[in-house]
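Results of the structural survey
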Amino acid sequence: MAKGGRSSRGGGKRGAASSSASACAYYATTGLLVALCVAGAYFLTSTSAASADGDAAGTVTSYRHTTRSSFAYEVTREKAPPSPPRKVEADDARSGKAAESGSDEEGAEEERKSVATAAALDDPHAKPDDRDQEHVADEESMEGDHNNSAAAMEEERSEEGDHVDAGEANAEDAAATITHGGEDKEQEALLEESHEPREQEQQLQLQMPREETRAAVVEEKSLDGGTMEETNAGQRQREHEQINAGQAAGGDLRREAQEEPHTNGDERTEQEPEEERQQHQPEEERSNDQPQSEEEGHSTVSDASGEAFRNQDEDGGDGDKPAVSEQMKDADSNASQDDHSVADSLVGEARTEEQKAWATQADQSHREKDRREENAGSNENDTNGADNAGGEEHEWRVCNVKAGADYIPCLDNEKAIKKLRPENYRRYEHRERHCPDEGPTCLVPLPSGYRRPVEWPKSRDRIWYSNVPHTKLVAVKGHQNWVKVSGQYLTFPGGGTQFIHGALHYIDFLQQSVRGIAWGKHTRVVLDVGCGVASFGGYLFERDVVTVSFAPKDEHEAQVQMALERGIPAISAVMGSKRLPFPSKAFDLVHCARCRVPWHADGGALLLELNRVLRPGGFFVWSATPVYQKLTEDVEIWKAMSSLTKSMCWELVSIKKDRLNGVGVAFYRKPTSNECYETRRRQQPPMCSDDDDADAAWYIRLNSCMHRVPTGPSERGTRWPVEWPRRVRTPPYWLNSSQAGVYGKPAPEDFTVDYEHWRRVVDRSYLNGLGVDWSRVRNVMDMRAAYGGFAAALREKKIWVMNVVNVDAPDTLPIIFERGLFGMYHDWCESFSTYPRTYDLLHADHLFSKIKERCAVLPVVVEVDRIVRPGGSIIVRDEAGAVGEVEKLLRSLHWDVRLTFSKNDEGVLYAEKSDWRPELLEEPS
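Keep in mind it's a predicted model, so treat the numbers as computed, not measured.

**Some details on the nonpolar core**
Note that soluble globular proteins tend to have their nonpolar side chains buried in a common cluster. One finds Leu527, Trp599, Phe620 and Phe848 to be the most contacted residues of the largest nonpolar core, which totals 126 residues. For this core, the element with the highest residue contribution is helix α32 (residues 857-867), accounting for seven residues. Setting aside anything within four residues of it in sequence, one finds Phe620 in contact with Val590, Cys592, Trp599, Leu607, Leu610, Leu614, Met641, Trp650, Ala666, Phe667 and Tyr668.

**Structural notes on the side chain of Glu818**
Looking at the secondary structure, you find Glu818 in helix α30 (residues 813-818). Side chain to side chain, Glu818 and Trp734 meet in a polar contact 3.3 Å long. Ignoring sequence-local partners within four residues, the contact set of Glu818 consists of Arg615, Arg716, Pro721, Arg727, Pro732, Tyr733 and Trp734.

**What about the sheet that holds strand β8 (residues 489-491)?**
Pairing within the open sheet is antiparallel, and its three strands lie in the order β6-β8-β7. Bordering the open sheet on either side are β6 (462-464) and β7 (484-486), each of which pairs with just one other strand. Each strand axis lies, on average, 35° off the axis of its neighbour in the sheet, ignoring direction. Across three bridges, the pairing between β6 and β8 is antiparallel. The partner of Arg462 across the bridge, within β8, is Thr491.

**What about the sheet that holds strand β22 (residues 906-912)?**
One open sheet accounts for seven strands, arranged β18-β17-β16-β19-β20-β22-β21; its pairing is mixed. For this open sheet the edge positions go to β18 (823-826) and β21 (896-903), each flanked by a neighbour on one side alone. On average, each strand axis in the sheet is tilted by 15° relative to the strand beside it, whichever way the strands run. Taken together, the seven bridges between β21 and β22 define a ladder with antiparallel strand orientation. Its bridge partner being in β22, Phe901 is matched across the sheet by Val908. Seen against the sheet, helix α28 (residues 747-766) touches β19 (839-845) and β20 (868-879) and runs at an angle of roughly 125° to β20. Against the sheet, helix α33 (residues 880-892) engages β20, β21 and β22, with an angle of about 160° to β20.

**So, the pattern of salt bridges**
Tallied over the full model, the rule gives 32 salt bridges. The partner of Glu455 in a salt bridge is Arg776, with the nearest N and O atoms 2.8 Å apart. Residue Glu455 is located in the loop between α18 (422-426) and β6, and its partner Arg776 is located in the loop between α28 and β16 (779-782); the two are separated by 321 residues in the primary sequence.

**Let's talk about unusual backbone geometry**
Cis rather than trans, the peptide bond between Trp456 and Pro457 has omega equal to 10°. Note that the residue after Trp724, namely Pro725, is joined by a cis bond; omega there is 10°. Looking at the element boundaries, Pro725 is found in the loop between α26 (675-678) and α27 (726-729). You will see that Cys649, though not glycine, has its phi angle at about 70°, which is positive. Mapped onto the secondary structure, Cys649 falls in the loop between α25 (632-647) and β14 (651-658). With relative accessibility at 8%, the residue Cys649 sits in the buried group. Phi is positive for Arg837, which is not a glycine, with a value near 60°. For Arg837, the position within the fold is in the loop between β18 and β19. Accessibility expressed as a relative area gives 4% for Arg837, which makes it buried.

**Thoughts on the environment of Gln364**
Secondary-structure assignment places Gln364 in helix α16 (residues 361-372). Owing to a relative accessible area of 8%, Gln364 belongs among the buried residues under this scheme. Linking Gln364 and Val807, residues 443 residues apart in sequence, is a C-alpha distance of 9.2 Å. When sequence neighbours within four positions are dropped, the list of residues in contact with Gln364 reads Ala359, Asp693, Asp695, Ala696 and Asp811.

**Details of the pairing of strand β17 (residues 800-806)**
In terms of burial, β17 is largely enclosed, as seven of its seven residues are buried. Here β17 shows a buried face lined by Trp800, Met802, Val804 and Asn806 and a second buried face lined by Val801, Asn803 and Val805. Pairing geometry for β16 and β17, over four bridges, is parallel. In the sheet register, Val780 faces β17, and the bridge partner there is Val801. Where β17 lies against β18, four bridges are found, and the strand directions are parallel. Looking across to β18, one finds that Asn806 is bridged to His826. Chirality of the crossover, the property in question, places the unit of β17, α30 and β18 among those that are right-handed.

**What to know about the packing of α32 against α33**
Orientation of α32 relative to α33, taken along the N-to-C sense of each, is 55°, at an axis distance of 10 Å. In terms of axis orientation, α32 runs oblique to α33. The hand of the α32/α33 crossing is right-handed. Contacts between α32 and α33 involve Val857, Leu858 and Val861 on the former and, on the latter, Glu885, Leu889 and Leu890. When grouped by side-chain class, the residues that make up the contact of α32 with α33 number five nonpolar, no polar and one charged.

**Comments concerning the environment of Ser831**
On the secondary structure map, Ser831 appears in the loop between β18 and β19. Along the primary structure Ser831 and Arg433 are separated by 398 residues, whereas in three dimensions their C-alpha atoms are 9.3 Å apart. Once residues lying within four places of it in the same chain are set aside, the contact partners of Ser831 are Ile408, Pro409, Cys410, Arg433, His826, Glu863 and Arg866. Within the local environment of Ser831, its side chain forms a polar contact with the side chain of Arg866, the two groups lying 3.3 Å apart.

**Digging into the packing of aromatic side chains**
With the rule as written, the count across this model stands at 20 aromatic pairs. With a centroid separation of 5.1 Å and 90° between ring planes, the pair formed by Phe582 and Phe587 is classed as edge-to-face. One exposure class covers both Phe582 and Phe587, and it is buried. These aromatic residues form a ring-pair network of at least three members: Trp599, Phe620, Trp650 and Tyr668. The ring of Phe492 is capped by Arg566, whose NZ or CZ atom sits 4.3 Å from the centre of that ring. Over the aromatic face of Phe541 sits the side chain of Arg778, whose NZ or CZ is 4.6 Å from the ring centroid.

The rules behind each value
Residues numbered from 1 in each chain as written. Predicted model: local features only at pLDDT ≥ 70, side-chain atom pairs only at ≥ 80, totals over all residues. Heavy atoms only, no water. Core = buried A, V, L, I, M, F, W, Y, C linked by side-chain atoms within 4.5 Å. Buried < 20%, exposed > 50% of the residue type's maximum accessible area, 1.4 Å probe, protein only. Helix = DSSP H or I, 4+ residues; strand = E, 2+ residues; numbered from the N terminus. Contact = heavy atoms within 4.5 Å. Polar contact = N/O pair within 3.5 Å; in protein donor to acceptor, adjacent residues only side chain to side chain. Pairing = 2+ DSSP bridges. Axes fitted to C-alpha atoms, helices over the stretch in contact; angles between N-to-C directions. Salt bridge = Lys/Arg side-chain N within 4 Å of Asp/Glu carboxyl O. Right-handed = clockwise from strand over helix to strand, strands pointing away. Parallel < 35°, antiparallel > 145°, perpendicular 65-115°, else oblique. Left-handed = near helix turned anticlockwise from the far one by under 90°. Nonpolar A, V, L, I, M, F, W, Y, C, P; charged D, E, K, R; others polar. Phe/Tyr/Trp six-rings, centres within 6.5 Å; stacked < 30°, edge-to-face > 60°. Lys NZ or Arg CZ within 6 Å of the ring centre and 35° of its normal.

Here it is in structure tokens:
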């Protein structure tokens, strides 16, 4: 009996304990729900719970590899019944943070690998929001409220501890079992009992302060190990959007959000004005959110750890919590109002401000043409070509042209050249650009035996003969040490017509003759006219000087092609009937070493063109036989030249003779004031009219007049730029803070932000993350340069960058020259004036989406294929749709697409060119 009594008493105790445990579990569960509602305002654990509980959350994650370094990531959510309540301790919020931190540590390796790709999609022009501190305070207040609520619940639970101590552990076990979907009947009953209080708590949650509701976020693990945070309202809005572009080469990052019950509170949130939502939106959420709707335009892009790689002002607050600037919001708003508006940066540009603040080269040239009443309305370059959607497979064929492997479409247009009259030949118009009506879609063949180029700096001295199999210059100029044949190589001893004993001695001789030249400090950007094989420019690199060399195609066979194969900047151009594709007052020095240009002919029209592009105070260095020889022809040319330069107010600074090379050099200096112009006896050459635009250069015929020297303190050209290299990072003095820059900020700030952005992208992404073998990169073309920030970021590398400013883009080329870089105007609806296979790397930032507004993409991609060397590559940053179109065409050309990455409808592509050429030959036209 005693034993039985003890058993009965033990059973009674167990029954009481069970009853107490049930009551404890009930109160614990109710308290848990209260804590969840409060804690949910700061951190919603639904997704993390889903990843922990597997099928209970109804989440399926799949990875699909598509290329060697690109991938697709798909996330779908299936509808699932509401999860049972989970036991939460008083410090749940802190535990959630610790869990998040632990998750981040687990993905640290993946984050490091993805930083480069995320930086490639960096927002170039964002700055911290003015409300950052307010949102930080809100978050701290929210966290304090949460801690107070948790402490209150702990106190309540401690009061009940006197009569439930014996069953507390069992209650905790019961609550844990409920959380994981146990089968116990008592637990199921407890769940049913707690259902009604839970619904009441959900209603209470809807009445929480709006700031706390907006603070709740859902975490989704991305492939790179980071997290992307989105608002609940954002999830519900995206249910009706098109599937977002994702992290993939051949696929998309798709999120199909589960539809959750909509409540009045949610409807109120979605219907609030956008400005109020931005104001209440927490800082961290604003910096990491994906676009909430199509109308919001492009959003900022975060890296793997949730930190947006974007520019911030130096005093811009916490670097871990960047914010979107007001200018960016305006840009997004403008983009949504026009379906055809394309963002120039990943968050969009202030297009209206841009058009007000900046003229384009096309506008300047068209106005100048209209002003001269020449070919009114017939020389428009804006061809409204049909957009190539890439839906049809193009059948690739090899170009069937006389120029063969050296084909330059705009310089080898035989039909157009045959229509020229004899007087056109006298002005060298047959060497100028005559582009076909439609860009060719055939591929240029490779020379027989083509090999990958010799790397710099060895390439300055020798190149593969099979790559440029031309020997005319060897026979004609070999005795002047231009070029020689040595086995499988063409070798370059470094000589020239006027410096047969080497360019370096000649370069030093010039500086010693006129101290004001100061290579690499005062003189940074040089124009070399009639460059030969460009040894002068090639050796000036050692003096920290960049030189744009040019010569006509085929005047001396393949001279520019040899220069480019050596790795020296050069373009095919001619001093003919039209202006050079450069702005006025651009070059610090112009050089002509026996360039055989008739400067004194036609009223000095050609020398006046040099006067246009030469900076006030800059030097014209003329090394030619009329300077030092006494032959009849030379004497006559010298007299004519002396008269012309005097009437142009050029000062003859010095005439020096290089005894080693046996040549003389004349140094002329352009005036820095208009005093001489006003005191001339004869106004010949005449002064240009005030409405003659000196910067209009795209297909503008030469005008035999001189433009006045600027004199205003804020005018470009009144002062010399600061010394190099400080010049590259210093905003030009003539950029006015009252003027909006290209991206909407005050112009000097815009300049600085652009510079910092490209430094960040190059350092974090291009140099390490894309797989570019920079040891094999010598020359780069930025196909759509703005301020030249990309080229400036590569300054420490042993490479040079040709900055191309599109004729329909803001005319920022003067800024590029002002900072000690160089470039030219171009219209990518036409062929570029360079030989095939002459660039190692092309960089296209939002080029193709812009091109689609004016002409087809297909010929532009074909031009890319023509320009890039086999083994060379291209980086494309653009809208995801444009990147996909380019990718498809490059793959059909057998390019090796190494990486494609897209996020928020913005993408990056990196691809390398192969040796492939089609077998089919184009049919003769």
